[in-house]
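Here is what each chain is made of, one letter per residue.
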Amino acid sequence: MPIDIDLDEDVPVRMEDNPSYQRLKELRKRTDLEARSSPLMREKFTSLDGREYPLRLRYYQVQGVMHLLVMKRFVLGDDTGLGKCSTPDTFVSTGEGLVRLGELNPGGLEPDTFVPVDGRTVSIGGQLHPIKRFYYGGNKPTIRVRTRYDYGVEGTLVHPLLVRTPDGREVWKRLRELEVGDHLCVDRRSGSFAREEPELPLPDMSGSASNLKRYPLPTRMNPELARLLAYIVGESWTGSGYSATISQSREVNPESHADIEALVRSQFGYTGGKPSDTSVPPYSKEIRAYLEGLGIGRGLARDKCVPWPIFRSTRASIAQFLRGLFEAEGYVGPANISFSSASARLAEEVQMLLLQFGIVTKRDSGKVKGYDHIYWTVTVSGEGCRIFAREIGLITARKRAALEAFPPRMNTNHDVVPHARDLVMDLHARILQAVTRRGSNESRAGSGMKQFGNRLSGLQFVKSGRSNPSYKFLQRLLSCSEEAGTSPTPEHEALARVVENHYFYDPITSLDAGSAEVMDLEVDSAEHAYVAGGVVSHNT
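Values in this document were obtained by computation on a predicted structure and should not be read as measured data. (Residues numbered from 1 in each chain as written. Predicted model: local features only at pLDDT ≥ 70, side-chain atom pairs only at ≥ 80, totals over all residues. Heavy atoms only, no water.)

1. Digging into the confidence of the model for the chain
To be explicit about the condition: The predictor attaches a confidence to each residue, called pLDDT, with possible values from 0 through 100. Should any heavy atoms of two residues lie within 4.5 Å, those residues are considered in contact.
Mean pLDDT over the chain works out to 88, with 92% of the residues at or above the 70 mark. Ignoring residues within four places in sequence, the model shows residues 1-9, a span with pLDDT below 50, making 28 contacts including any to other chains.

If you want it as structure tokens, here you go:
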């Protein structure tokens, strides 16, 4: 509703006595306000995406304008900034586990609309913060950002991501300001899991034949069922509506074959259809319908995905799902662990689930000789292998032995801190100054850096720029600083924050323009951030 206010020539000191002020107080209750057209106000504005849009003030902006016109002294604070959005398929780490952003959309919203969100939280830096509101932005121009390890998001041109800059700072940069080579901050501390296992739907078999054999199917997720679902996703042909036979060789992998047999009996109560040397049934229309209700459809290998209840499961069940999946389709090499699939979606989902445990992985694609379609590989390396062995583990003696054979020191040349040379050298200089004594040879005995032994080996490579410091090096440097009494210094504190955050700094490899439906969250926290697609992302 358009409004007008007659302005007094002189507003009294006591605003309560002024009629215009009283009218303003009434207007604060209104949500149907519009600004009248005026030759003093533009009809269009140029947005940050370079396009022109009609200028329409929101009701609370109209209220603010009227206050500014009437009152001589007034501080106006607008609502949270808009337009910083991601696409619906973006994974977000929440208090209930991983969800796609679109799952939080209540639906039926007009573009540029907020709705309250109750009882949901997001995880950032290992801490849960309430989601205050959901924002729907409609269709907007976007940029799809991907990194060397294939993390990233697609979002609007003004959506900010946390970037480590060449001067050693971590700052927010809008997507349109990003460049190939910029280091995004991948957060591996924000994994959060559901506290209770999700309930599972049973299939409606009322229209089936009266002699259909029924089974005591689980109505709630459990770790053993999660592992069985992984075997089915990894090893089963799911194109049939009557079976979900799991391929596994008794001769090559006797432990896996026996594990699958036992799980089919314990979870489904299935005892029919004798297992062969190369596969394990079940043959059951009801069991197949049950699996379909859990998200295991009838597509081809390239259509496979993680069953939806897994994302909402407890830490124990997700670990067992990943254990079964890597047992079925994984490979343990001399210095890494990998999982391969014809499904791009499954590979992405496995990468995001592993990040929940703090395991950074690299996702690659390529063609296999003799096949036309693309295969995707998720590779665990470095410190991630030790975390995988501890948190996930494998089943067969052959693969467990390969895990145990990893060397005690893994290659860390990717898991390093870029643009840290100046901070490192400044702190080293302070330590050197603090521990060096001057005078005779006798008085200098035991002073200097030699007292720290080889804890700072590799410093020369950092100093020369030949390598970036690893987290282990920074931890050793900080311990030397504490012993030398230089821990309260700005250099020490800055590096301590870097070590505490423990981001994986991943350089951008591609920036692709597009257009998509976008949405965002307003998070009630001082950080004003959440983890989207693995990277630290600013909220609306």
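2. Description of the pairing of strand S10 (residues 170-174)
Here is the rule we go by: Each residue's exposure class comes from its accessible area (1.4 Å probe, protein chains only) as a fraction of the maximum for that residue type: buried when under 20%, exposed when over 50%, partly exposed otherwise. Secondary structure elements follow DSSP: runs of H or I of four or more residues count as helices, runs of E of two or more count as strands, with numbering from the N terminus. Whether two strands pair depends on DSSP finding at least two bridges between them.
Judged by which residues are buried, S10 turns out to be one-sided: Val171 and Lys173 face inward and are buried, whereas Glu170, Trp172 and Arg174, on the alternate face, are not. By the bridge criterion, five bridges tie strand S9 (residues 160-164) to S10 in an arrangement that is antiparallel. Among the inter-strand pairings, Leu161 is bridged to a residue of S10, identified as Lys173. As consecutive antiparallel partners, S9 and S10 are separated by five residues, and within that stretch Gly168 has a phi angle of approximately 85°, a positive value.

3. So, the packing of helix H11 (residues 421-435) against helix H14 (residues 471-484)
Note the following rule: Think of each axis as a best-fit line through the C-alpha atoms, taken over the contacting stretch in the case of a helix, with angles from 0 to 180 degrees between the N-to-C directions. Any angle between 65 and 115 degrees counts as roughly perpendicular, while under 35 counts as roughly parallel, over 145 as roughly antiparallel, and the rest as oblique. The crossing is said to be left-handed when, going from far helix to near helix, the turn is anticlockwise and less than a right angle, and right-handed when the turn is clockwise. All residues other than Ala, Val, Leu, Ile, Met, Phe, Trp, Tyr, Cys, Pro, Asp, Glu, Lys and Arg, Gly among them, are scored as polar; the first ten of these are nonpolar and the last four charged.
Look at H11 against H14: their axes get within 9 Å of each other, and the N-to-C directions meet at 30°. Between H11 and H14, the angle is such that the two are roughly parallel. In this structure, H11 meets H14 at a crossing whose hand is left-handed. On the side of H11, the interface is formed by Val424, Leu427, Ile431, Ala434 and Val435, while H14 contributes Phe473, Leu474, Leu477, Leu478, Cys480, Ser481 and Ala484. Grouping the constituent residues of the contact of H11 with H14 by class yields 11 nonpolar, one polar and no charged.

4. A few points about helix H7 (residues 315-329)
Here is the rule: By this rule the span expected of a helix is its residue count minus one, scaled by 1.5 Å.
Look at H7: 21 Å from first C-alpha to last across 15 residues, which is about the 21 Å you get at 1.5 Å a residue. With respect to burial, H7 is a largely interior element, 11 of its 15 residues being buried.

5. Some details on the packing of aromatic side chains
This is how it is decided: Here a Phe, Tyr or Trp ring, Trp counted by its six-membered ring, pairs with any other such ring whose centre lies within 6.5 Å, and the pair is stacked when the planes are under 30 degrees apart, edge-to-face when over 60, and tilted otherwise.
Across all of its chains, the model carries nine aromatic pairs by this definition. Between Phe114 and Tyr135 the ring centres are 4.9 Å apart and the planes differ by 45°, which places this aromatic pair in the tilted class. Taken together, the residues span a long stretch of sequence, with Phe114 in strand S5 (residues 113-116) and Tyr135 in strand S7 (residues 127-147) at a distance of 21 residues. In this structure, Phe114 and Tyr135 share a single accessibility class: buried.

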